Amino acid sequence: MEIIKDAKELKKIRKNLKGSVGFVPTMGALHDGHLSLIKRAREENDFVIVSIFVNPTQFLEGEDLDKYPRKEQADIEICKRAGVDILFMPTINSIYFKDELKILAPQIRGYILEGAKRPGHFDGVLQIVMKLFNITTPNRAYFGKKDAQQLALITQMVHDYFLDVEIIPCEIVRDENGLALSSRNAYLSKEEKKRALSLSQALKLGANMVAKGILNVKAIKEAMEKELLKSVDKLDYVAIVNRAFEEIEQVEIGNTIILVAAYVGTTRLIDNIWI
Ligand code: PAF
């Protein structure tokens, strides 16, 4: 496995790769969720490129940029074992420039839910993903469904900017108790980890209501909120939208996502289920 730190160097290497390239962008602190993306990329492509970069432009003032878990050595080992061909760990100066052009998230879809709680977050995500796509020019790029709004916006960027990459949505990986894997789970104490299960349990409750034929969004949201408020410290939102992230009044089977965001202790967690 080659480790490349310079964007221009990777661009050169990429040009000489003969065969399909699968790309998995990450911010490191790799867990089994990331590993499932890498495995899928390995199965479906001749070459696999993984990037690890804690992207400063997607963190708002006062967020956890400084304390975001960094596990460089362990991540390198995980990538080696998973059969990654190229690990891209760019230096900030090789990837960001002074007074540079910005990519902006769409005014509606980029500023609801996560975008409303973290205004500007998706501008930073799209900016770095655009750069990473242009450096690695992958045939396929792999993203977890856990960041459902991010996935929708990246898919939209590929469409709106006529990018030549197939976005592959991958299933959420959960621990044995149902907690969606996330690098931020590392912040949770044992007691908080137990309470964090209320997110996936509330989603299950919502899905069970749908299975029983209750499709009214208001009723499902109210039941979920009531359940979540017993365990979380602050509820940011329960939302039920269609796959284009538009508001709906009735659940449309096969075209709906139920999302939750809540604080347990000081840790902000998100989770969702696709109906
Ligand atoms: O999902 C993430 O880890 C990040 O938002 C991404 C896509 C790697 C961009 O920094």
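Position numbers for residues start from 1 in each chain and track the written sequence from start to end. Reporting in this predicted model follows two pLDDT cut-offs: at least 70 for local features of residues, and 80 or more for side-chain atom pairs to be given and counted; totals over whole chains, interfaces and linings ignore these cut-offs and use all residues. Each side-chain value is worked out from all heavy atoms of the structure, with water and hydrogens disregarded.

### What about the overall build of the protein chain?
Which entries qualify depends on this criterion: Secondary structure elements are defined from DSSP: runs of H or I of at least 4 residues count as helices, runs of E of at least 2 residues count as strands, and each element is numbered from the N terminus. It is over C-alpha atoms that the radius of gyration is taken, and the globule rule equals 2.2 Å times the number of residues to the power 0.38. Each residue is assigned to one of three classes by its accessible area relative to the maximum for its type, calculated with a 1.4 Å probe on protein chains only: buried under 20%, partly exposed between the two thresholds, exposed over 50%. The contact definition used throughout considers only heavy atoms, calling two residues in contact when any of these lie within 4.5 Å. Residue exposure ignores everything except the shown protein chains as possible cover, and the areas themselves are Shrake-Rupley values with a 1.4 Å probe. The convention is simple: Lys and Arg are positive, Asp and Glu are negative, and His and the chain ends are not counted. Lysine's charge is taken at NZ, arginine's at CZ, aspartate's at CG and glutamate's at CD.
When you go through the protein chain residue by residue, the secondary structure sums to 9 helices and 9 strands. Taken over C-alpha atoms, the radius of gyration comes to 19 Å for the protein chain, in line with the 19 Å a tight globule of 275 residues would show. In terms of overall dimensions, the protein chain has C-alpha extents of about 55 × 40 × 40 Å along its principal axes. Looking at the protein chain as a whole, 52% of its 275 residues are labelled buried. Relative to all contacts within the protein chain whose residues are 6 or more apart in sequence, the contacts with residues 24 or more apart total 71%. Roughly 13,800 Å² of accessible area belongs to the protein chain as shown, and the carbon and sulfur atoms make up 52% of that amount. Separation of charge centres in the protein chain, based on 39 positive and 38 negative side chains, amounts to 2 Å.

### Let's talk about the site of the ligand
Condition: Proximity is defined per residue: if any heavy atom of the residue lies within 4 Å of a molecule or strand, that residue is considered near it. Counted as a polar contact is a pair of N or O atoms within 3.5 Å, where, for protein atoms, one must be capable of donating a hydrogen and the other of accepting one, and residues adjacent in sequence contribute only when both atoms are in side chains. In this classification, the charged set is Asp, Glu, Lys and Arg, the nonpolar set is Ala, Val, Leu, Ile, Met, Phe, Trp, Tyr, Cys and Pro, and all remaining amino acids, among them Gly, are polar.
Surrounding the ligand, one finds Pro25, Thr26, Met27, Asn55, Gln58, Ile128, Val129, Phe143, Asp147 and Gln150. Within the side chain of glutamine 58, a nitrogen or oxygen atom sits 2.6 Å from an oxygen atom of the ligand. When the ligand sits alone it has 290 Å² of accessible area, and the protein chains cover 89% of it. The class makeup of the residues in the shell around the ligand is 5 nonpolar, 4 polar and 1 charged.

### Concerning the environment of glutamate 9
Relative to the elements of secondary structure, glutamate 9 occurs in helix α1 (residues 7-15). With a relative accessible area of 39%, glutamate 9 lands in the partly exposed category. Note: C-alpha distance between glutamate 9 and isoleucine 135 (126 residues apart in sequence) is 9.3 Å.

### Points about the nonpolar core
Our working definition: What makes a nonpolar core is a set of buried Ala, Val, Leu, Ile, Met, Phe, Trp, Tyr and Cys residues whose side-chain atoms join them at distances within 4.5 Å.
Residues Phe88, Ile95, Val129, Phe133, Phe143, Ile154 and Ile167 are the most contacted members of the largest nonpolar core, which totals 33 residues. When residues of this core are traced back to their parent elements, those giving at least two are α1, β2 (21-26), β4 (86-88), α6 (121-136), β5 (140-144) and α7 (148-160). With 9 residues, the single largest contributor to this core is α6. Non-local contacts of phenylalanine 133, meaning those with residues more than four positions away in its chain, are made with Phe23, Pro138, Ala141, Phe143, Ile154, Val158, Leu163, Val165 and Ile167. Counting residues in hydrophobic clusters, the runner-up holds 25 residues, among them Met224, Ile258, Leu269 and Ile275.

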